[in-house]
Amino acid sequence: MSFYCIGNWKMHKTPQEAKTFLQTQKLKSTPKTILVGFAVPSLVGQSASEALKDSSVLWGGQNCYSEKQGAFTGETSPYVLKEMGASFCLVGHSERRQVFLETDEMIGNKVKAVQDNGMTPLLCIGETSEDRKWNRTEEVVLSQLRQGLAKADTKKPLWVAYEPVWAIGTGQVATLEQVEHAHKFIHRFLVENFRGGVPVLYGGSVKPDNAGAISKLESVNGFLVGGASLDIDVWNQLLGSCV
Ligand code: PGA
């Protein structure tokens, strides 16, 4: 299995900035074992698509609605993302859950919609600091997995990202033991309830100086990277330090 390095740009970069970044990235030689992708703002999708033409670098959405079309003012259609050239879409990122109050049920519907429209869902799960304090990490992760995958098709592609909420954008990365424990737990759930071979990515303050050690953990199949994916030099330093 390749090692996945997916950048999550969140609400950063204009179409022009994205184009410049991605055209430069396309010319960089990354190890063949690393699959590189960027989750870009919807409004930047067209420019990402043009910049990455004939490239092995993928791009995807950060969110979409669970319906293909209809009276859903302001929403992004998975069908349109696909037509624009997206190959994957994040679903249930903690900012969607916390700021936009997405429920596990909505997230389960979105996972299905992304698959139905020919893209790979990257289902994001993870506990808050409160959950961890009260020893509820496994319970929370389990419930997010069960509901997030309730309508998913086991025969279609799926990626999962474990992102402890307290580690996102805080500089407070999870310890190797915490990452290993959660990833093994998630892999076990997937093998027993979904299928084997699903890549499980780690996210939460991944930087060039901690990526090397985390990427060596057997249960970690890749990274979902926010802050460190915005600057092309930092990003390529990070890629260079993986596995
Ligand atoms: P971070 O964000 O790398 O800035 O912590 C990760 C994410 O939100 O996916």
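Up top is the structure.
Residues numbered from 1 in each chain as written. Predicted model: local features only at pLDDT ≥ 70, side-chain atom pairs only at ≥ 80, totals over all residues. Heavy atoms only, no water.

A.B. asks: Break down the overall build of the protein for me, with residues and values.
C.D. replies: Helix and strand counts for the protein stand at 10 helices and eight strands. For a compact globule of 243 residues, the expected C-alpha radius of gyration is about 18 Å, and the protein comes in at 17 Å, within 12% of that figure. Structurally, the protein occupies a C-alpha span of about 45 × 45 × 30 Å along its principal axes. Taken over 243 residues, the protein has a buried fraction of 52%. A sequence separation of at least 24 residues applies to 72% of the contacts in the protein between residues at least 6 apart. Element-wise, carbon and sulfur atoms account for 52% of the exposed surface of the protein, whose accessible area totals about 11,400 Å². A distance of 4 Å separates the average location of the 25 positive side-chain charges in the protein from that of its 25 negative side-chain charges. (Helix = DSSP H or I, 4+ residues; strand = E, 2+ residues; numbered from the N terminus. Rg over C-alpha atoms; globule rule 2.2 N^0.38 Å. Buried < 20%, exposed > 50% of the residue type's maximum accessible area, 1.4 Å probe, protein only. Contact = heavy atoms within 4.5 Å. Areas by Shrake-Rupley, 256 points an atom, 1.4 Å probe, with all protein chains shown as cover. Lys, Arg positive; Asp, Glu negative; His and termini not counted. Charge placed at Lys NZ, Arg CZ, Asp CG, Glu CD.)

A.B. asks: Please give an account of the environment of Gln147 that cites residues and values.
C.D. replies: Along the polypeptide, Gln147 turns up in helix 7 (residues 137–148). Overall, the relative accessible area of 35% leaves Gln147 in the partly exposed class. Once the C-alpha coordinates of Gln147 and Gly7 are considered, the two residues, 140 residues apart in sequence, prove to be 25 Å apart. The residues touching Gln147, leaving out its near neighbours within four places in the chain, are Asp104, Glu105 and Gly108.

A.B. asks: Could you give me a rundown of the nonpolar core, with the residues and numbers involved?
C.D. replies: Membership of the largest hydrophobic core comes to 61 residues, with the highest contact counts inside it found for Phe38, Leu149, Val160, Ile186, Leu190, Tyr202 and Phe223. In terms of residues, this core owes the most to one element, helix 8 (residues 176–193), which gives six residues. In contact with Leu190, other than residues within four places in its own chain, are Leu149, Val160, Arg195, Val198 and Val200. Counting 11 residues, the second-largest nonpolar core is a separate cluster that includes Ile6, Ala39, Phe88 and Leu90. (Core = buried A, V, L, I, M, F, W, Y, C linked by side-chain atoms within 4.5 Å.)

A.B. asks: Can you tell me about the packing of aromatic side chains, naming the residues and giving the values?
C.D. replies: Taken as a whole, this structure holds nine aromatic pairs when the rule is applied. Ring geometry for Trp9 and Phe21: centres 5.0 Å apart, planes at 75°, overall edge-to-face. Here Phe21 lies in helix 1 (residues 15–27) and Trp9 lies in the loop between strand 1 (3–8) and helix 1, a separation of 12 residues in the sequence. A relative accessible area of 0% places Trp9 in the buried class. Here the aromatic residues Trp9, Phe21, Phe38 and Trp235 are joined through ring pairs into a cluster of three or more. In this arrangement the basic side chain of Arg96 is found over the ring face of Phe100, its NZ or CZ atom lying 4.1 Å from the centre. (Phe/Tyr/Trp six-rings, centres within 6.5 Å; stacked < 30°, edge-to-face > 60°. Lys NZ or Arg CZ within 6 Å of the ring centre and 35° of its normal.)

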